[in-house]
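Spelled out, the chains give:
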Amino acid sequence: ILLYLLITMAPFAVVAPLLGPLLDRGRGSRRAMVVLAAAGSAVVCPFMASDLKGLLLFPEAFAILVLSKLYMVAKSSIVPSVMVDGDLLASANARLALLASLAGLTASIPAVVVLKLLGAAWVLRLDFFVFAAACVFALRLSRTAHGLQRASSPKTAMDSSSTSSVHNSAASTGSQDYSGWDELAGQQDASELLGGRFLPPAASEALLAATAISVLRGAVGFLTLMLAFALRRDHAALWWYGLALATSSAGSMLGSLVVPRLRRILAEQQILLIAMGLVVALAVAAAAVGDLIIQPALTLGMGLAFSTAKPSFDALVQKHIPQGAQGRAFARFETRFQLVWVLGALIPVALVIPLVAGDISIAAVVAVSGVSYLTGRRAIKHYRRST
């Protein structure tokens, strides 16, 4: 299990520091990364089919994992460039997540048939055609200009030494467009800016939401391993594991369905708060019942909450982080989320945690995170009004 958790983290060690900056290199770089992810996977699959019983399978599988994470980050950063209405970003992210889930479910059916009739090698050969088709579609994406743009207004033409005054004037107008703020900061690296050396209020919204999503992601990892070990201690039947997996997947798909409807009446920040409130309520209910029978409801709610909150977070990053820094931002955030998931999953691996105690812990941690998120948003609003 520890090896599995390590493997889930390993691809981000490549994507975040090495491939993330390439996403922000210039015109068409994100489309190029999507093409690279698809083409690279198509190339690797036949080699994996030939090396199923050899040691080369492991580096080849690692390459596939890296390419899949690269695609995930590139997809998130390319969405704003093909959207007309920025207010629909959360809905677009949710629809893409739902489409990915449905495509994976649909593709698993012929894959199982091929696996049973022809063997695992032919599944990988079939994957070659799938990834090749994805590469063709990726080449049809437009070469959007998303690099760092110099603002043409008089304010953004100021000398870099007047960075703080530009920051204050932007905050006072309540503007959410900070394209070019890293240019005004004297060409500082965007990854340093995201770390807080120069942080407009709009970017603070994204970073604050990242903390909330990190807590939810950690809670997912914690619940996953806690429930798995609890089922093993109780010698539960195999169908219990399937039920937990099915309810979690159903919750994820349901969340992707409801986001577009929620976004019509709620802001992304409100959706995040509702998602955390749902987790707290269900965790408290599960602790009150104190029986294994209620846990699938919690996994359903956790999947629903995270799949509702994540598209909203992606939309906040896409709206509030300059497009020229979004590739690195998403790579950095996704690495953080996976790290928190692993840390959350490690707790029930190291300690024997009863279900009731675990449910109470989830409720308490997510509740504190929700209050912290709400307080942080109020602080940002107060700062904007005062400047």
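Report follows, based on the coordinates.

Criteria and thresholds
Note that residues are indexed from 1 along each chain, following the sequence as it is written. Selection of residues for local features in this predicted model requires a pLDDT of at least 70, selection of side-chain atom pairs for listing and counting requires 80 or more, and totals for whole chains, interfaces and linings are taken over all residues. Hydrogens and water molecules were not included; the side-chain quantities draw on all heavy atoms of the structure. Think of it this way: a Phe, Tyr or Trp ring, Trp meaning its six-membered ring, pairs with another when their centres are within 6.5 Å, and the plane angle makes it stacked under 30 degrees, edge-to-face over 60, tilted otherwise. In DSSP terms, a helix is any run of H or I states spanning at least four residues, a strand is any run of E spanning at least two, and both are numbered starting from the N terminus. Burial classes follow relative accessibility: with a 1.4 Å probe on protein chains only, a residue under 20% of its type's maximum area counts as buried, one over 50% as exposed, and anything between as partly exposed. A ring is scored as having a charge over it whenever the NZ atom of a lysine or the CZ atom of an arginine sits within 6 Å of its centre and within 35 degrees of its normal. Residues with no salt bridge and a relative accessible area higher than 30% make up the patches, which join like charges within 9 Å and nonpolar side chains (Val, Leu, Ile, Met, Phe, Trp, Tyr) within 5 Å. Surface exposure here means Shrake-Rupley accessible area, sampled with a 1.4 Å probe, where a residue is shielded only by the protein chains that are shown. We define a salt bridge as a contact between a side-chain nitrogen of Lys or Arg and a carboxyl oxygen of Asp or Glu at a distance within 4 Å. Here, expected helix span is obtained from the residue count minus one, scaled by 1.5 Å. In what follows, residue pairs with any heavy atoms lying within 4.5 Å of each other are defined as contacts.

### So, the packing of aromatic side chains
What characterises a pair of aromatic rings is the spacing of the ring centres plus the angle enclosed by the ring planes.
Alright, step 1. All chains considered together, the criterion is met by five aromatic pairs.
Alright, step 2. Here the aromatic rings of Phe313 and Phe337 are separated by 5.3 Å at their centres, their planes lie at 70°, and the arrangement is edge-to-face. One end of the pair, Phe313, is in helix α12 (residues 295-320); the other, Phe337, is in helix α13 (residues 326-350), with 24 residues separating them in the sequence.
Alright, step 3. A relative accessible area of 2% means that Phe337 is categorised as buried.
Alright, step 4. Arg125 extends its terminal NZ or CZ atom over the ring of Trp122, reaching a point 4.7 Å from the ring centre.

### What about unusual backbone geometry?
Alright, step 1. In this structure, His235 takes a positive phi of about 55° despite not being glycine.
Alright, step 2. Counting through the fold element by element, His235 comes out in the loop between α9 (201-233) and α10 (238-263).

### Quick word on a nonpolar patch on the surface
Alright, step 1. Together, Leu3, Leu6, Ile7 and Leu65 make up an exposed nonpolar region whose accessible area comes to about 370 Å².
Alright, step 2. Here the element with the most residues in the nonpolar patch is helix α1 (residues 2-19); it accounts for three residues.
Alright, step 3. Summarising the element assignment, Leu65 is placed in helix α3 (residues 57-78).
Alright, step 4. For Leu65, a relative accessible area of 31% gives the class partly exposed.

### Quick notes on the environment of Ser249
Alright, step 1. As for its position among the elements, Ser249 is in helix α10.
Alright, step 2. A C-alpha to C-alpha distance of 8.9 Å links Ser249 and Thr299, two positions 50 residues apart in sequence.

### Some words on α3
Within an α-helix, residues lying three or four positions from one another point in the same direction, as the helix has 3.6 residues per turn.
Alright, step 1. For α3, spanning 22 residues, the distance from its first C-alpha to its last is 31 Å, which sits close to the expected 32 Å at 1.5 Å a residue.
Alright, step 2. Here α3 has its buried residues at Leu57, Glu60, Ile64, Val66, Leu67, Leu70, Val73, Ala74, Ser76, Ser77 and Ile78.
Alright, step 3. Looking at the packing, one finds that the buried side of α3 touches α1, α2 (29-50), α12 and α13.

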